[in-house]
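Inside the fold
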Amino acid sequence: SLPKRVLVEDLQAYVEDQLDNQEISTKAYNYMKYNSWEKIEAWISTMASANPSLVSKQVIGTTFEGRSMTVLKIGKQSSSTKPAIFLDCGIHAREWISPAFCQWFVKEALETYGSDAQMTSLLDQMDVIVLPVFNIDGYAYTWSNNRMWRKTRSRRPSSSCVGADPNRNFDAGWCTTGASSNPCSDTYCGSKPESEMEVKAVADYIRLNHSNIKAYLTVHSYSQLLLFPYSYTFQLAAHHSELLQVAEGAAKALRSLYGTRYTSGPGAATIYPAAGGSDDWAYDLGVKYSYTFELRDTGRYGFLLPESQIKPTCMETMLAVKYIAAHVLENLY
Ligand code: 0X9
Ligand code: ZN
């Protein structure tokens, strides 16, 4: 008979080893799931290295616990500085749909550049600077310890309570209304404006680039609102009527997809007075088109929005963001 020889001692080990590339190359990134910070961090690097002609990344700071804060700048390369839109997600740790939207926005921008006329002209003429997770330490903590955590994770010797509310920590009527000076409160304004490293990093970046930044969009959840300044005062913003008109147009575009209803208006009158927010701060710095999104839903699931709603929420929100971006592009200042 023919001579026999064992080529493979343990075939099962080979079966397992063929999958050693895990998700990196075998499975596409899953935009319809909530992703951990570790996954988002790897995704940020992949997005930049896989799309060098359209995406660049820049570290803008470090969190209290030492994580790198990286923005993705999306847009066609240009020799001169382009006008830009700054988009951040995940200021509040437990609002998981928010980082999911920033990831969706980046994916959609890259997938539709060159085929969707609106996205193409947007990215040809402007840059969108995306901070996928603002409050990374808090976000990681909602995965590891407490799903309902809101604040940063900073510690100070003067209190045993942890963190401050990043959206009460900006220098805009700081701690005068709708914020707490008690470090144990969920709306603690911090020890001083920009006491939180994450807030300081974003404020420094926007200050440095503020002559190019024409719009500031910040994404929260939940309540289905599109808010604009002011929240630290009931006084109307100098550009109130234009801001309202653009918000209503954006809400109408959003509603056209699935009928989801958004309310728009100035923060103080529409949700509640609350000082120290990023939208008011950016507006007073001179970024006229400054908006806070409060995504789905209106309270049925709240922060625990099911993953099955990630795609429809992101798709409808894209329409609103693109509406605002188109208005900004037609009204550069
Ligand atoms: O209170 C907030 O920071 C936001 N609502 S949330 O439920 N996501 O916490 C609203 C922010 C509105 N803008 C300002 N207060 N400046
Ligand atoms: Zn929020």
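Rules behind the numbers
- Numbering of residues starts from 1 in every chain and runs along the sequence as written.
- Chains carry letters and ligands carry numbers; both start at the beginning, A for chains and 1 for ligands, and go up in the order they are written.
- A pLDDT threshold of at least 70 governs which residues receive local features in this predicted model, and a stricter bar of 80 or more applies before side-chain atom pairs are shown or counted, although totals over entire chains, interfaces and linings include all residues.
- Side-chain metrics in this entry use all non-hydrogen atoms of the structure; hydrogen atoms and water are not considered.
- Strands here mean DSSP runs of E at least two residues long; helices mean DSSP runs of H or I at least four residues long; both are numbered from the N terminus.
- Only C-alpha atoms enter the radius of gyration, while the globule expectation follows 2.2 Å times N to the 0.38, with N the number of residues.
- Only protein chains enter the accessibility calculation, which uses a 1.4 Å probe; a residue whose area is less than 20% of its type maximum is buried, one above 50% is exposed, and one in between is partly exposed.
- Every residue pair with non-hydrogen atoms within 4.5 Å of one another is taken to be in contact.
- Throughout, the Shrake-Rupley method with a 1.4 Å probe supplies accessible areas, and for residues the shown protein chains are the sole cover considered.
- UniProt positions are given in the numbering used here, feature names are shortened, and annotations may be inferred rather than shown by experiment.
- Polar contact is defined as a pair of N or O atoms within 3.5 Å, subject to the rule that within protein one atom must be able to donate a hydrogen and the other to accept it, and that residues adjacent in sequence are counted only when both atoms are side-chain atoms.
- At least two bridges found by DSSP between two strands is the condition for calling them paired.
- Lines fitted to the C-alpha atoms define the axes, with helices restricted to the stretch that makes contact. Angles between their N-to-C directions range from 0 to 180 degrees.
- Nearness is judged by heavy atoms alone; a residue qualifies as near a molecule or strand once a single heavy atom is within 4 Å of it.
- Residues are grouped as follows: nonpolar covers Ala, Val, Leu, Ile, Met, Phe, Trp, Tyr, Cys and Pro; charged covers Asp, Glu, Lys and Arg; every other residue, Gly included, is treated as polar.
- Each metal site is built from N, O and S donor atoms within 2.8 Å (3.2 Å for Na, K and Ca), and since water is not included, such sites may look incomplete.
- We define a salt bridge as a side-chain nitrogen of Lys or Arg found within 4 Å of a carboxyl oxygen belonging to Asp or Glu.
- In plain terms, two cysteine sulfur atoms within 2.5 Å form what is called a disulfide here.

Let us now look at the overall build of the chain. Along the backbone of the chain there are eleven helices and eight strands. The globule rule puts the C-alpha radius of gyration for 333 residues at 20 Å, and the 22 Å found for the chain is close to it. Seen through its C-alpha atoms, the chain measures out along the principal axes to roughly 95 × 50 × 40 Å. Of all 333 residues assigned to the chain, the portion counted as buried reaches 53%. Taking contacts inside the chain between residues at least 6 apart in sequence as the whole, the part at least 24 apart equals 74%. By element, 51% of the accessible surface of the chain is carried by carbon and sulfur atoms, the whole surface being about 15100 Å².

Further remarks concern the UniProt feature "active site" (unreviewed entry) in the chain. UniProt records the feature "active site" (unreviewed entry) for E294 in the present numbering. Examined against the element boundaries, E294 turns out to sit in strand β8 (residues 289-295). Once residues within four sequence positions are removed from consideration, E294 is found in contact with H220, S221, Y222, S223, Q224, L225, L227, Y262 and I271. Of the polar contacts made by the side chain of E294, one reaches the backbone nitrogen of S221; its length is 3.4 Å.

With that settled, the discussion passes to the sheet that holds β8. Strand order in the open sheet made by the eight strands is β1-β2-β4-β3-β5-β8-β6-β7, with mixed pairing throughout. On the outer flanks of this sheet lie β1 (55-62) and β7 (263-266), each paired with one strand and no other. The mean angle between the axes of side-by-side strands here comes to 20°, regardless of whether they run parallel or antiparallel. Looking at chain direction, strand β6 (residues 225-228) and β7 are connected through four bridges and run parallel. Note that in β7 the partner of F228 across the bridge is P266. Running at roughly 170° to β8, helix α11 (residues 310-330) makes contact with β3 (84-89), β5 (213-221), β6 and β8 of the sheet.

Taken together, 15 residues sit near ligand 1, with R150, R168, Y272, D279 and E294 positioned nearest. Between ligand 1 and H92, the relevant distance is 3.3 Å, taken from an oxygen atom to a side-chain nitrogen or oxygen of the residue. Take H220: an N or O atom from its side chain is 3.2 Å from a nitrogen atom of ligand 1. For ligand 1, whose unbound accessible area comes to 410 Å², protein coverage reaches 96%. Residue composition of the shell around ligand 1, grouped by class: four nonpolar, six polar and five charged.

Our next topic: the coordination of the zinc ion (ligand 2). Within the protein, H92 (ND1), E95 (OE), E95 (OE) and H220 (ND1) serve as the donor atoms for the zinc ion (ligand 2), at 2.0 to 2.3 Å. Counting residues between consecutive donors of the zinc ion (ligand 2) along the chain gives the motif H-x2-E-x124-H. E95 shares its class with H92; the two are buried.

Turning our attention to the pattern of salt bridges. Within the structure shown, the criterion is met by 15 salt bridges. Linking E108 and K107 is a salt bridge whose minimum nitrogen-to-oxygen distance equals 3.1 Å. For E194, the salt bridge identified is with R207, shortest N-O distance 2.9 Å. Taken together, the positions of E194 in the loop between α6 (136-144) and α7 (197-208) and R207 in helix α7 put the pair 13 residues apart, joining distant regions of the chain. Owing to a relative accessible area of 13%, E194 belongs among the buried residues under this scheme. Where salt bridges share partners, they join E194, K200, D204 and R207 into one cluster.

Enumeration according to the criterion identifies three disulfides in this entry. The side chain of C89 participates in a disulfide bridge whose partner is C102; the two sulfur atoms lie 2.1 Å from each other. Between C89 and C102, the S-S torsion sits near 80°, and that sign places the bridge as right-handed. On the criterion of sequence distance, the pair formed by C89 in strand β3 and C102 in helix α4 (residues 97-112) is long-range, its members being 13 residues apart. Comparing C89 with C102, the two get one shared label, buried. Disulfides within the chain link the bonded cysteines, taken in sequence order, as 1-2, 3-5, 4-6.

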